[in-house]
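# A closer look at the structure
The residues making up each chain are set out below.
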Amino acid sequence: MTRLPILAFHSVGDTPLPEGLAHLTASPELFERCMQWLARQGYTSLTLGEVHAWLAGDKDIPPKSLCLLFDDGYLDNWCFAHPILAKYDLTATVLITPEFVRPDNTISLTLANVEAGEISRNNLPGPGFLSWEELRAMKASGHWDIQSHFQTHTWLPISDRVIGYHNPQSKHYWMAWNANPEEKPFWMSKSLSNLNENIPWGTPIYENARSQIATAVHPNPNRTKHLVEFVEHNGGESFFSLSNWESILRAEDETRDWESNAQETSEERRQRILWECQESKRLIESNIPNHSVSFLAWPGGEWDATCQEIAVGPGIYTATRTTRRKAMQRGDDPSIIHCGFFGQKAETITGTTFIPSLLFRGWVLHLGGNIYGRFLIFLGNRLRDLVGFLRRPR
């Protein structure tokens, strides 16, 4: 085998993820349809360790091989995806961010309990994150490997440019994460209003970037204090009922010549990234006995040369993973592993599992070097567009 398909999922469940993340959720029916096809075609699923060994020329793999990944560590990976993987004797790697792992020791019920008649499917948990106990159970099952997805998976302000002001309709939930990191495992169970209450109204929202590629700035506390107090003195939350509240607040902001936000030095940035790499690995290995963490998936697939040098150079990780949809071939640089997504959003657009499963098959075949895959991708995309057009409200 000379080319290897590597495909990533996020969430598999009955209830889509909240707050603009619904496109990351595949239905259990779609996921099973994809896994059933892999099993019928005789595919072998590999860990990232096996992928790396193959890329480096240290290991041969079966002719029909692929690697399945799950980003972020959502609870439904255990409740819905796990029983389906086990049913078809396939394996996957879940890439987790320790700050999002639930600190309790509970193990949620799964589709297997539903099929055994022990619980109604409606009583399975909704969106959330995995606990350490569930991760240990997944590892022990033999169907999952567990690797790193950085420590914080957040965004940081990067300049003085204000792109908005915190208000009851804000959806910059990373600001709530940064203010209260201990609450991150539970944020999906909270309403938008509950999340927004964690940040004072009127707080400037600065231009931002994912933490691993950011050269972060420390917001000027005097500017924040002034704007927050201005909102408080003008009615607090009710201030935002004014139709022109933003222009009023921006005008107030621009009455002062604010001192620039303090920017971290290149060495401070290096130390921050180094800590995120090391701490994620440490926490996963300390919470999952006899387990080695050797791979890191960059959040959002975003990285730069500094990130890569810090993660792989000192030997913290063997390799990192990006989201560049590119076929991996033997002899490629084994320290950078690329993966792709297959277009599961087509399920929401078309209301069917057939078209996204067609796209899944197409990408598996295409990334594996089969020219028929490109035809399936073309067909799936055209069908998605046609059915999506016909389903639009008239």
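All values reported here derive from a predicted model rather than from experimental measurement. (Residues numbered from 1 in each chain as written. Predicted model: local features only at pLDDT ≥ 70, side-chain atom pairs only at ≥ 80, totals over all residues. Heavy atoms only, no water.)

A tally of regular secondary structure across the protein chain gives 14 helices and 16 strands. In terms of overall dimensions, the protein chain is globule-like: its C-alpha atoms have a radius of gyration of 23 Å, near the 21 Å expected for 394 residues. In terms of principal-axis extent, the alpha carbons of the protein chain reach across some 65 × 55 × 45 Å. Within the protein chain, buried positions represent 54% of all 394 residues. If you sum the accessible surface of the protein chain, you get close to 17,400 Å²; carbon and sulfur atoms cover 50% of it. Taking the average place of the 37 positive charges on the side chains of the protein chain and the average place of its 45 negative ones, the gap between the two points comes to 10 Å. (Helix = DSSP H or I, 4+ residues; strand = E, 2+ residues; numbered from the N terminus. Rg over C-alpha atoms; globule rule 2.2 N^0.38 Å. Buried < 20%, exposed > 50% of the residue type's maximum accessible area, 1.4 Å probe, protein only. Areas by Shrake-Rupley, 256 points an atom, 1.4 Å probe, with all protein chains shown as cover. Lys, Arg positive; Asp, Glu negative; His and termini not counted. Charge placed at Lys NZ, Arg CZ, Asp CG, Glu CD.)

Moving on to a nonpolar patch on the surface. A cluster of nonpolar residues, Tyr372, Phe375, Phe378 and Leu379, forms a patch on the protein surface that exposes about 410 Å² of accessible area. Counting through the fold element by element, Phe375 comes out in helix α14 (residues 372-391). (Patch = residues over 30% accessible without salt bridge, like charges linked within 9 Å, V, L, I, M, F, W, Y side chains within 5 Å. Salt bridge = Lys/Arg side-chain N within 4 Å of Asp/Glu carboxyl O.)

This next bit is on the pattern of salt bridges. Pairing between side chains of opposite charge can happen when their charged atoms approach one another. For the coordinates displayed, the defined rule picks out 23 salt bridges. Residues Arg382 and Asp385 are paired through a salt bridge, measuring 3.4 Å at the closest nitrogen-oxygen approach. Of the two residues, Arg382 and Asp385 both sit in helix α14, three residues apart, roughly one turn of that helix. Taking relative accessible area as the criterion, Arg382 reaches 38% and is therefore assigned partly exposed. Owing to a relative accessible area of 38%, Asp385 belongs among the partly exposed residues under this scheme. A salt bridge links Arg384 to Asp385; its shortest N-O distance comes to 3.0 Å.

This part covers the packing of helix α10 (residues 266-287) against helix α11 (residues 305-312). When two helices pack together, their arrangement is given by the angle between the helix axes and the distance between those axes. In contact at an axis separation of 10 Å, α10 and α11 are set at 50 degrees when each is read in the N-to-C sense. The angle between α10 and α11 falls in the class oblique. Taken as a pair, α10 and α11 cross one another with a handedness that is right-handed. Two secondary-structure elements touch here, α10 through Arg269, Arg270, Ile273, Leu274 and Cys277 and α11 through Thr306, Cys307, Glu309, Ile310 and Ala311. Across the contact of α10 with α11, the residue classes tally to six nonpolar, one polar and three charged. (Axes fitted to C-alpha atoms, helices over the stretch in contact; angles between N-to-C directions. Parallel < 35°, antiparallel > 145°, perpendicular 65-115°, else oblique. Left-handed = near helix turned anticlockwise from the far one by under 90°. Contact = heavy atoms within 4.5 Å. Nonpolar A, V, L, I, M, F, W, Y, C, P; charged D, E, K, R; others polar.)

Here we come to unusual backbone geometry. Positive phi, close to 90 degrees, is recorded for Asp72, a residue that is not glycine. Of note, Asp72 is situated in strand β6 (residues 65-72). By relative accessible area, Asp72 is classed as buried at 10%. Of note in this structure, His153 is not a glycine but carries a positive phi near 50 degrees. Mapped onto the secondary structure, His153 falls in the loop between β8 (144-148) and β9 (155-165).

What follows concerns helix α5 (residues 132-141). One turn of an α-helix holds 3.6 residues; hence residues three or four places apart share an orientation. For α5, the full list of buried residues reads Trp132, Glu134, Leu135 and Met138. What you see down the axis of α5 is that its buried residues fit within an arc of 160 degrees, all on one side. (Arc of directions from axis to C-beta.)

The next subject is the packing of aromatic side chains. Tallied over the full model, the rule gives 21 aromatic pairs. Relative to Phe360, the ring of Phe342 has its centre 5.2 Å away and its plane inclined at 85 degrees; by these criteria the two rings are edge-to-face. One end of the pair, Phe342, is in the loop between β16 (336-338) and α12 (346-350); the other, Phe360, is in helix α13 (residues 354-367), and 18 residues separate them in sequence. Like Phe342, the residue Phe360 is buried in the burial classification. Three or more aromatic residues joined by ring pairs make a cluster, and in this case those are Tyr74, Phe100, Phe129, Trp155, Tyr173, Trp177 and Trp187. The cationic tip of Lys281 hangs over the ring face of Tyr317; the distance from NZ or CZ to the ring centre is 6.0 Å. (Phe/Tyr/Trp six-rings, centres within 6.5 Å; stacked < 30°, edge-to-face > 60°. Lys NZ or Arg CZ within 6 Å of the ring centre and 35° of its normal.)

On to α13. Here α13 is 14 residues long and its end C-alpha atoms lie 20 Å apart, about the 20 Å a rise of 1.5 Å per residue gives. Counting buried positions along α13 yields 12 of 14 residues, so the element is predominantly enclosed. Those residues of α13 that sit buried are Ile355, Pro356, Ser357, Leu358, Leu359, Phe360, Gly362, Trp363, Val364, Leu365, His366 and Leu367. Its buried side turned inward, α13 meets β1 (3-4), β2 (6-9), α1 (28-41), β6, α12 and α14. (Expected span 1.5 Å × (residues − 1).)

Attention now moves to the packing of α1 against α13. Interaxial distance between α1 and α13 falls to 9 Å at its minimum, and their mutual angle equals 40 degrees. Put simply, α1 runs oblique to α13. In this structure, the crossing between α1 and α13 has a hand that is right-handed. The segment α1 lies against α13, with Leu30, Arg33, Cys34, Met35, Trp37 and Leu38 engaging Phe354, Pro356, Ser357, Phe360, Arg361, Val364 and Leu365. When the residues that make up the contact of α1 with α13 are grouped by side-chain class, the tally is 10 nonpolar, one polar and two charged.

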